[in-house]
Amino acid sequence: MKNYIAAIALSLSCLLANQTKAQAENKNESNSPKWWKSAIVYQIYPRSFKDSNGDGIGDLKGIISELDYLKSLGINVVWLNPIYQSPNFDNGYDVSDYRKIDPEYGTMADFDSLLSGMHRRGIKLVMDLVVNHSSSEHEWFKQSRSSRTNPYRNYYHWWNAENGKPPYRFSLFDINHDAWKYDSLTNAYYLHYFSDKQPDLNWENPKVREEVYDIMRFWADKGIDGFRLDAFQFVAKDTTFPMFPKGFEKDFTRYYAMQGNLHGYLQQMYQQIFSKYDVMSVAEGAGNTFEDAHNLVDSNRHELNLAYAFNGVDIAKPNGYSLLHFKTVFSQWDSAFEHSGWLAIFLANHDQARMVSRFGNDAPAFRTHSSQMLSTFILTMRGTPFYYNGDELGMTNPNFTSINDYRDKVILDEYKHTVLTGGNVQDLLKNFAFGARDNGRTPFQWNTSPNAGFTTGTPWINVNPNYKTINVAVEEKDPNSCLNYFKKLVQLRNTHTTLVYGKYTLLDKNNDQVYAYTREDAAGKFLILLNFSTKNATFNNNHMKGQGKVALANYTDVGKTITLQPKISLRPYEAMVIEL
Ligand code: GLC
Ligand code: CA
């Protein structure tokens, strides 16, 4: 009797649960197709991609000469890091004129032919917009610092020194981590969350916002297809500059991200720009919580399209990481965005060391398989893949051993600081070799000619010595290379919307070697099996039966079909995409 009642209660609650699920699915904005959801974004770091004139610096003509390569990958969007006029203290993230192309990269005519060349090949272009700060050499800042009464004074954040020292603010790039820089010209401090050559713009000033919208219009009118808003989560500030608790810098995004009227500014930007052009929009950083991220991208709010959160890419640590943790993070983000909002999926970018060196295994025995396995993950998850140039070749960290190999000012400063304060330099160099940003910025490896075919001159940063075996020319000829595998993966995603929109379900949750999940919608179902370890592993298949069709596998001897047995073995870093 008791069981009977329990059964009714259970079936009633199932019914209710199904109803709410059905209701939710009806309203499921995540399934509504958009070009920027089904896109595969390929990130180009222009300084390191291809040099056309032998000065050792990658440039626009270099990219133009490789447009057919981009086309051959099958990707359909390029995100280009900044190419605007800049002193290049932070490789373009310090803009001195937002409407000019930096002469190191070329001319506006080069830009126009790059854009039309991409469009002719069906590739869209997303540009970086760096407006949390400008360069200290921007005309606005020159004006702003010239006098306290200059009309541009309030374009930046100033604190008059007669009021004492301003409340401490942490700088991500400053050698002393002090975000206030004293300027004797007007006896005042200015704020710089990044380096002192990157003063923060004052978004609370409506004139600054109008200037930014004008810049966006300029580029959108040229026909670009999207904006990536650099460090945008930090733009809004409480300009009374209250004291933050001691030690706040250990968790500074809590105090810096999503402050003040940030969402109001985005809604204004939407009204002025995003609602008027068919452009995609993504901000770097997604705040501190799922709610923060939703507030940026839920379509009913009219702000941005995609959330680019760091929780995934931050997991890798010098002493490794736990796959269980990795699965939990990606699964939680997926379920938080199942019904509304949309995510960017990535494991690398220009601020990270190489994907295969951090998340996979760059030892010769494992490099190809682990790199292919990680690419499989990125291209079979729900969300828009943001794939970093060179990862399709399985490019690795260069293992620099001398500080002279590094170029990133942040790294050079940290080194100086460690030397000056008597810290452990050897340990620091080891940490750099694992995680420094320059690891991901070495020249793109085109072929076996000197400097990997990147330049005929001296490259601005050394080429990875492994370029003779890891490069486009060699990999194009090898049917089992990372490159050819990547092309197949791209094609698979481009031809199966299930891999874009389909529901994600984690399987064999507690397996600490294998990441297994399904992607499923009315059009089809896929099972993805990824061995994240150097050992053989087993996927515990609890419920699937029959045969599956192997849509893609990174070991060459795998047959065309697979029997779904209760236990499926996987070799080190083996990856399989199975169509059910
Ligand atoms: C972002 C960029 C990074 C840059 C910083 C300051 O994090 O991705 O490369 O150094 O902003 O603009
Ligand atoms: Ca050049």
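Residues numbered from 1 in each chain as written. Chains lettered and ligands numbered in written order. Predicted model: local features only at pLDDT ≥ 70, side-chain atom pairs only at ≥ 80, totals over all residues. Heavy atoms only, no water.

The protein is annotated in an unreviewed UniProt entry as Oligo-1,6-glucosidase of Hydrotalea sandarakina. Taken verbatim from the UniProt record of the protein, the Sequence similarities (unreviewed entry) comment is "Belongs to the glycosyl hydrolase 13 family." (UniProt positions renumbered as here; feature names shortened; annotations may be inferred.)

Trainee: Please clarify how helix α9 (residues 262–274) should be interpreted in this entry.
Mentor: Inspection of α9 places L262, H263, Y265, L266, M269, I273 and F274 among the buried residues, and these make up the whole buried set. Mapping the buried residues of α9 onto a view down its axis gives an arc of 150°, with all of them on the same face. Elements that come into contact with the buried residues of α9 comprise α7 (206–222), β9 (226–229), β10 (280–284) and α10 (290–297). (Buried < 20%, exposed > 50% of the residue type's maximum accessible area, 1.4 Å probe, protein only. Helix = DSSP H or I, 4+ residues; strand = E, 2+ residues; numbered from the N terminus. Arc of directions from axis to C-beta. Contact = heavy atoms within 4.5 Å.)

Trainee: Would you mind going over the coordination of the calcium ion (ligand 2) with me for this structure?
Mentor: Each donor-metal-donor angle would ideally measure 109.5 degrees in four-coordinate tetrahedral geometry, or 90 or 180 degrees in six-coordinate octahedral geometry. Every protein donor of the calcium ion (ligand 2) is accounted for by D51 (OD), N53 (OD1), D55 (OD), I57 (O) and D59 (OD), and the metal-donor separations fall at 2.2 to 2.4 Å. In primary sequence terms, the donor set of the calcium ion (ligand 2) follows D-x1-N-x1-D-x1-I-x1-D. (Donors = N, O, S within 2.8 Å, 3.2 Å for Na, K, Ca; no water.)

Trainee: I tried to follow the UniProt feature "domain: Glycosyl hydrolase family 13 catalytic" (unreviewed entry) in the protein on my own but got confused; where do I start?
Mentor: The feature "domain: Glycosyl hydrolase family 13 catalytic" (unreviewed entry), as given by UniProt, occupies residues 43–441 in the numbering adopted here. Segment residues 43–441 splits into 33% helix and 12% strand. End C-alpha atoms: 12 Å apart.

Trainee: Even after reading the chapter, I still don't get the packing of helix α14 (residues 409–420) against helix α15 (residues 425–435), so can you show me in this structure?
Mentor: The description of two helices packed together rests on the angle between their axes and the distance between the axes. Packing of α14 against α15 brings their axes to within 10 Å, and their N-to-C directions diverge by 165°. As summarised for this structure, α14 and α15 are arranged roughly antiparallel, according to the angle between their axes. Regarding α14 and α15, the two cross each other, and that crossing is right-handed. On α15, the residues that touch I411, E414, Y415, T418 and V419 of α14 are V425, L428, L429 and F432. Its residues assigned to classes, the contact of α14 with α15 comprises seven nonpolar, one polar and one charged. (Axes fitted to C-alpha atoms, helices over the stretch in contact; angles between N-to-C directions. Parallel < 35°, antiparallel > 145°, perpendicular 65-115°, else oblique. Left-handed = near helix turned anticlockwise from the far one by under 90°. Nonpolar A, V, L, I, M, F, W, Y, C, P; charged D, E, K, R; others polar.)

Trainee: Even after reading the chapter, I still don't get the nonpolar core, so can you show me in this structure?
Mentor: General note: in soluble globular proteins, nonpolar side chains tend to be found buried as a group. Counting residues in each nonpolar core, the largest one holds 164 residues, and the members touching the most others are Y69, L70 and Y515. Ignoring sequence-local partners within four residues, the contact set of L70 consists of Y42, I44, F49, I63, I75, V78, M118 and I123. (Core = buried A, V, L, I, M, F, W, Y, C linked by side-chain atoms within 4.5 Å.)

Trainee: Would you take a moment to explain the pairing of strand β5 (residues 124–129) for this structure?
Mentor: Put simply, side chains in a regular strand alternate between the two faces of the sheet. Burial runs high along β5: five of the six residues are buried. Across four bridges, the pairing between strand β2 (residues 77–80) and β5 is parallel. Looking at the pairing, W79 lines up with V126 of β5. (Pairing = 2+ DSSP bridges.)

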